[in-house]
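These are the residues of each chain, in order.
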Amino acid sequence: NVALNNGSTSSDYIRKRSSALSLSSTISQLLVQAWEAQQKKIANYLVSKIIAKNKLVDLDWSFGVTASTEELDHVGKTFLQLKLTVDSEREGRKTHFLEMSVDQFYQFLASLEKCRSFLDFVAPR
């Protein structure tokens, strides 16, 4: 994930982390080779485990405008409220509430689109 965010490849990231951990170049190269040979299987496995343990059951949303507050700068600001209902293998059904500004919502949406692209790449339908 970090490797995807900073523009380097996963193999580069493994090399850098191996070096930071003072692993020998032989071990580092073996790790890179193992990752390159098995990355799709590893990614598919991890994605299937995460999705299988946490299923989004319901999503409810609403927009609002701040009408009154002690802070004058916040009056008239728009916000988005999300209510996510997740069915977790360990905790059962649980509801999560999120409130964010419109800018934060667009950042959140961009992150979801990146996740979708990644999932389509590692686990095509």
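Residues numbered from 1 in each chain as written. Predicted model: local features only at pLDDT ≥ 70, side-chain atom pairs only at ≥ 80, totals over all residues. Heavy atoms only, no water.

**Student:** Summarise the overall build of the protein; cite the residues concerned and give the values.
**Tutor:** What the protein contains, in helices and strands, is four helices and three strands. Reading the helices (α) and strands (β) of the protein from amino to carboxyl end gives α-α-α-β-β-β-α. Every one of the 125 residues in the protein was classed for burial, and the buried ones make up 16%. Of all intrachain contacts in the protein linking residues separated by at least 6 positions in sequence, the fraction that spans at least 24 positions is 32%. Accessible area of the protein: about 10000 Å², with a carbon and sulfur share of 56%. (Helix = DSSP H or I, 4+ residues; strand = E, 2+ residues; numbered from the N terminus. Buried < 20%, exposed > 50% of the residue type's maximum accessible area, 1.4 Å probe, protein only. Contact = heavy atoms within 4.5 Å. Areas by Shrake-Rupley, 256 points an atom, 1.4 Å probe, with all protein chains shown as cover.)

**Student:** Describe the environment of isoleucine 14, listing the residues and the values that go with them.
**Tutor:** Among the structural elements, isoleucine 14 can be located in helix α2 (residues 10-20). Beyond its immediate stretch of four places on either side in the chain, isoleucine 14 contacts Leu31, Val32 and Trp35.

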